[in-house]
Amino acid sequence: MTKTFYITTPIYYVNDKPHIGHAYTTIACDVLARFKRLDGYDVKFLTGTDEHGQKIAKAAQEQGIEPIALCDRNSKTFRDLAGVLGISNDDFIRTTEPRHIAACQALWLELEKNGHIYLSKYAGWYAVRDEAFYDEGELTKGANGEKLAPTGAPVEWVEEESYFFKLSAFQDRLLAFYDATPSVIGPKSRFNEVRSFVKGGLRDLSISRTTFSWGVPVPGNDKHVMYVWIDALTNYIAALGYPNTSGDYATYWPSAMHMVGKDIIRFHCVYWPAFLMAANLTPPTRVFAHGWWTVEGQKMSKSLGNVVDPNTMVGKYGLDQVRYFLMREIPFGNDGDFSEAAISGRINGELANELGNLAQRGLGFISKNLGGVLPVPGAYSVEDNDMLKACVDALEPVRVAMDMQGFDKALDAIWTVVRAANGYVDKQAPWALKKTDPARMNTVLYVMAEIVRHLAILMQPFVPTSANKILDQLGVAADARTFAHLGAAHALKGGSPLPAPSPVFPRWAPPTPEKAAP
Ligand code: ME8
């Protein structure tokens, strides 16, 4: 039976435009989805937009438009961005879709039927920006003495009738769940953070609001709309056809992984598993919370005007370059800083000088000196065999790293081979063999082409367009590019004509400032 893998991004709020942080999470999911497909998995990859709640209602009001008009417009910008980023998602869910609303109401009824919901009154602090309730003890003070959420978001006092979810009753079950499967939360530091939060005790959670109407109506009580987080989290099962628990739900839910930023870990690792347990559904298999990006050392903010638009970035540096940089620059899970120096360093130092150069050296030489025909190799030397073995052996450490969402570690393992291969080429110096030993030159050039084939196959998840261009230049058939095609059994055929090569990873230089008009 084919193994399955279900990967989701957070669904993004449509009150604002997408920025580099959203692009980061989505690219990470795309890299994983592509990796798993190439590794033989049946993958479902979901992304989408979070369209209900007070924050969206407020944004629409400020812009003088109906909430749904705001949602339609901004959801499209997220959908378009997925196109710009080359995202291979299988589905895009909007929480205003009927399938989502039906799933939310079904889940609610299930929780109610199982005795986990009661009606009472909420009195406490709420941050619209975070769409989160906070305890008095969690609040901090702003510059003017005003109360702020721990995230810095303004809070307001809310007092209203509300339905509550009996979260407090799930403390022991949640702790037992974490302890039985510690791999459910990554990285380890986040696991510890969540565990100690739950260990500290849980209060029941307010799960409905009455002071605005932009949300999923609570079944049987139209005065209430659902709290936006119970609504939002349900997207992950709505897209699998819930409340129907056969079909896609049965196929994919057992392998569910949610990728999120560290800001929303409590919702995904505490509330969501508890809701699912309360509905007698299984919690997700893994939630990974990655770190936060700053820009040139500063927090991204509208007022600083330093919010990085991923469309601009892709236009400036190139899509694969941006994807590579984001996955390579920092250990996944840590915070990172985006700077022009950092990205241009990666583009020029690694993509152009190391991988690109490796591909170009062999292919360019074959094109110029051998009439563009891949030579037939003779017997392999020890070095040839060692290099080819290193290429095949790279898959396992890459796979292990990817299973831990260690994108940077996976790239380290690939780069160990890239660097060894450049060393191999320097040492074998095939161009010097042209006159002295053409047969050996042919073997070296063939081995170089095989090395590049392996590296391009492994690099597809990270730099899909460029890796596939390299594979095109090697004449590799489109259906011979999975990890099952690594190794000698699927080796290139010596004697085959190759398409004309062209460099795949150009160097990057800042645009020269325009000359001032005379
Ligand atoms: O929280 N660095 O949506 P959201 C890294 N709708 N990642 C960042 C980032 C940054 N500076 N800024 C944002 C929501 N992100 C809810 C989710 S899911 C059921 C509902 C990424 O639009 C990161 O993944 O505020 C973060 O978790 C997400 O965007 C928040 O997106």
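## Some details on the state of the cysteines
No. 1: Counting across every chain of the model gives zero disulfides.
No. 2: Unpaired in this structure, Cys-104 has its nearest cysteine sulfur neighbour in Cys-71, at a distance of 14 Å.
No. 3: In this structure Cys-269 is a free cysteine whose sulfur lies 14 Å from that of Cys-29, the closest cysteine sulfur available.
No. 4: Residue class for Cys-269 comes out buried when judged on its relative accessible area of 2%.

## Some points on helix α13 (residues 340-369)
No. 1: Along α13, the sharpest change in direction is near 45° and occurs at Asn-357.
No. 2: Gly-371 occupies a position one or two residues after α13 and carries a positive phi of about 60°.

## Digging into the site of the ligand
No. 1: Surveying the vicinity of the ligand reveals 23 residues, the closest of which are Ile-11, Tyr-13, Thr-25, Asp-50 and Asp-263.
No. 2: Thr-25 has a polar side-chain atom sitting 2.7 Å from an oxygen atom of the ligand.
No. 3: Out of a free accessible area of 670 Å², the ligand has 94% covered by protein chains.
No. 4: Looking at the shell around the ligand, the elements that each hand over two or more residues are β1 (4-13), α1 (20-38), α7 (228-233) and α8 (235-238).

## Remarks on the sheet that holds strand β14 (residues 256-261)
No. 1: One open sheet accounts for six strands, arranged β3-β2-β1-β14-β15-β9; its pairing is parallel. Strands with a single pairing partner mark the edges of an open sheet, and in this sheet they are β3 (91-94) and β9 (185-186).
No. 2: Pairing geometry for β1 and strand β2 (residues 42-50), over eight bridges, is parallel. Bridge assignment links Thr-4 to a residue of β2, and that residue is Asp-42.
No. 3: On top of the sheet, α1 reaches β1, β2, β14 and β15 (286-290); it is set at about 170° to β1, its chief contact.

## Details of the sheet that holds strand β4 (residues 117-127)
No. 1: With antiparallel pairing, four strands are arranged side by side in an open sheet as β5-β4-β8-β10. Each having just a single partner strand, β5 (132-134) and β10 (205-206) make up the two edges of the open sheet.
No. 2: With two bridges connecting them, strand β8 (residues 156-165) and β10 associate as antiparallel partners. Its bridge partner being in β10, Phe-165 is matched across the sheet by Leu-205.
No. 3: Sitting on the sheet, helix α10 (residues 265-278) touches β5, β8 and β10, and the angle it makes with β8 is about 30°.

## Structural notes on the domain arrangement of the chain
When the parts of a complex come together, some accessible area is lost, and that lost area is often used as the size of the interface.
No. 1: When its domains are assigned, the chain resolves into domain 1 (4-291) and domain 2 (319-330 + 340-490).
No. 2: For domain 1 versus domain 2, the separation of C-alpha centres amounts to 41 Å.
No. 3: The partner domain 2 presents 22 residues to the 20 residues of domain 1 that form the contact.
No. 4: Note on domain 1 versus domain 2: buried area summed over both sides is about 1900 Å², and carbon and sulfur give 71% of it.
No. 5: On the domain 1 side of the interface with domain 2, the three residues burying the most area are Val-31, Phe-35 and Leu-38, jointly 36% of the side's total.
No. 6: Here domain 1 and domain 2 share three salt bridges between them.
No. 7: On inspection of domain 1 and its partner domain 2, the count reaches six residue pairs in polar contact (both at pLDDT 80 or more).
No. 8: Residue assignment for the side of domain 1 that touches domain 2 shows that the elements contributing at least two residues are α1, β14 and β15.
No. 9: At eleven residues, α1 tops the list of elements feeding residues into the side of domain 1 that touches domain 2.

## Brief notes about the packing of aromatic side chains
No. 1: Following the criterion strictly, the structure yields 31 aromatic pairs and no others.
No. 2: Residues Tyr-249 and Trp-253 carry aromatic rings whose centres are separated by 6.1 Å and whose planes lie at 20° to one another, so their mutual orientation is stacked.
No. 3: An aromatic cluster of three or more residues is present, and its members are Tyr-24, Phe-288, Trp-293, Tyr-317, Phe-325, Phe-332, Phe-338, Phe-407 and Trp-508.
No. 4: Directly above the ring of Tyr-41 sits Lys-36, whose terminal nitrogen or CZ lies 4.3 Å from the centroid.
No. 5: One residue, Arg-209, lies across the ring of Tyr-126, its end atom 4.5 Å from the ring centre.

## Overview of the nonpolar core
No. 1: Counting residues in hydrophobic clusters, the biggest one holds 99 residues, and the most contacted among them are Met-327 and Phe-462.
No. 2: By residue number, the principal contributor to this core is helix α18 (residues 438-459), which donates 14 residues.
No. 3: Both domains that furnish three or more residues to this core are identified here as domain 1 (4-291) and domain 2 (319-330 + 340-490).
No. 4: Within the second largest apolar cluster, 86 residues are counted, among which are Ala-132, Ala-239, Cys-269 and Val-287.

## Some thoughts on the layout of surface pockets
Unfilled space is identified by rolling a water-sized probe across the atoms.
No. 1: For the second largest pocket, the calculated volume is near 410 Å³.
No. 2: Taken together, 21 residues line the second largest pocket, and the ones lying closest to its centre are Phe-133, Tyr-134, Asp-135, Arg-203 and Asp-204.
No. 3: If you list the elements that add at least two residues to the lining of the second largest pocket, you get β4, β5, β8, β10 and α10.
No. 4: Take the lining of the second largest pocket: its biggest share by element is four residues, from β4.
No. 5: Each residue belonging to the lining of the second largest pocket can be placed in one class, and the counts come to twelve nonpolar, three polar and six charged.

## Focus on empty space enclosed by the protein
No. 1: Counted by the stated rule, this structure contains four cavities of 30 Å³ or more.
No. 2: Tyr-12, His-22, Ala-23, Thr-26, Thr-47, Gly-48, Phe-78, Leu-81, Ala-82, Leu-85 and Phe-92 together form the lining of the largest cavity.
No. 3: Elements supplying a minimum of two residues to the lining of the largest cavity: α1, β2 and α3 (67-84).

## Side note on the pairing of strand β13 (residues 221-226)
No. 1: Two strands pair when backbone bridges link them, and strand β11 (residues 208-209) and β13 are joined in this way by two bridges, in the antiparallel orientation. The residue of β13 that forms the bridge with Arg-209 is Val-225.
No. 2: Strand direction decides the pairing type here: strand β12 (residues 217-218) and β13, joined by two bridges, are antiparallel. Directly across from Pro-217, in β13, lies its bridge partner Val-225.
No. 3: Where β12 folds back on β13, the antiparallel hairpin that results is connected by two residues, among which Gly-220 adopts a positive phi of roughly 85°.

## Digging into unusual backbone geometry
No. 1: Pro-187 follows Gly-186 through a cis peptide bond whose omega is -10°.
No. 2: The omega torsion across Tyr-242 and Pro-243 is 15°, close enough to zero to call that bond cis.
No. 3: Even without being a glycine, Asn-280 presents a positive backbone phi close to 60°.
No. 4: With respect to the helices and strands, Asn-280 occurs in the loop between α10 and β15.
No. 5: Positive phi, close to 35°, is recorded for Ala-429, a residue that is not glycine.
No. 6: In this structure, Ala-429 sits in the loop between α16 (407-428) and α17 (430-436).
No. 7: Using a relative accessible area of 18% as the deciding quantity, one classes Ala-429 as buried.

Cut-offs used in this document
Residues numbered from 1 in each chain as written. Predicted model: local features only at pLDDT ≥ 70, side-chain atom pairs only at ≥ 80, totals over all residues. Heavy atoms only, no water. Disulfide = S-S within 2.5 Å. Buried < 20%, exposed > 50% of the residue type's maximum accessible area, 1.4 Å probe, protein only. Bend = angle between axes of the 7 residues up to and from the residue. Helix = DSSP H or I, 4+ residues; strand = E, 2+ residues; numbered from the N terminus. Near = heavy atom within 4 Å. Polar contact = N/O pair within 3.5 Å; in protein donor to acceptor, adjacent residues only side chain to side chain. Areas by Shrake-Rupley, 256 points an atom, 1.4 Å probe, with all protein chains shown as cover. Pairing = 2+ DSSP bridges. Contact = heavy atoms within 4.5 Å. Axes fitted to C-alpha atoms, helices over the stretch in contact; angles between N-to-C directions. Domains from an automatic or database assignment. Buried area = accessible area lost by both parts, 1.4 Å probe. Salt bridge = Lys/Arg side-chain N within 4 Å of Asp/Glu carboxyl O. Phe/Tyr/Trp six-rings, centres within 6.5 Å; stacked < 30°, edge-to-face > 60°. Lys NZ or Arg CZ within 6 Å of the ring centre and 35° of its normal. Core = buried A, V, L, I, M, F, W, Y, C linked by side-chain atoms within 4.5 Å. 1 Å grid on protein atoms, 1.4 Å probe; cavity = no way out; pocket = protein on both sides within 12 Å on 5 of 7 lines; lining within 4 Å. Points joined across faces, edges and corners; volume = space filled by probe spheres on them. Nonpolar A, V, L, I, M, F, W, Y, C, P; charged D, E, K, R; others polar.

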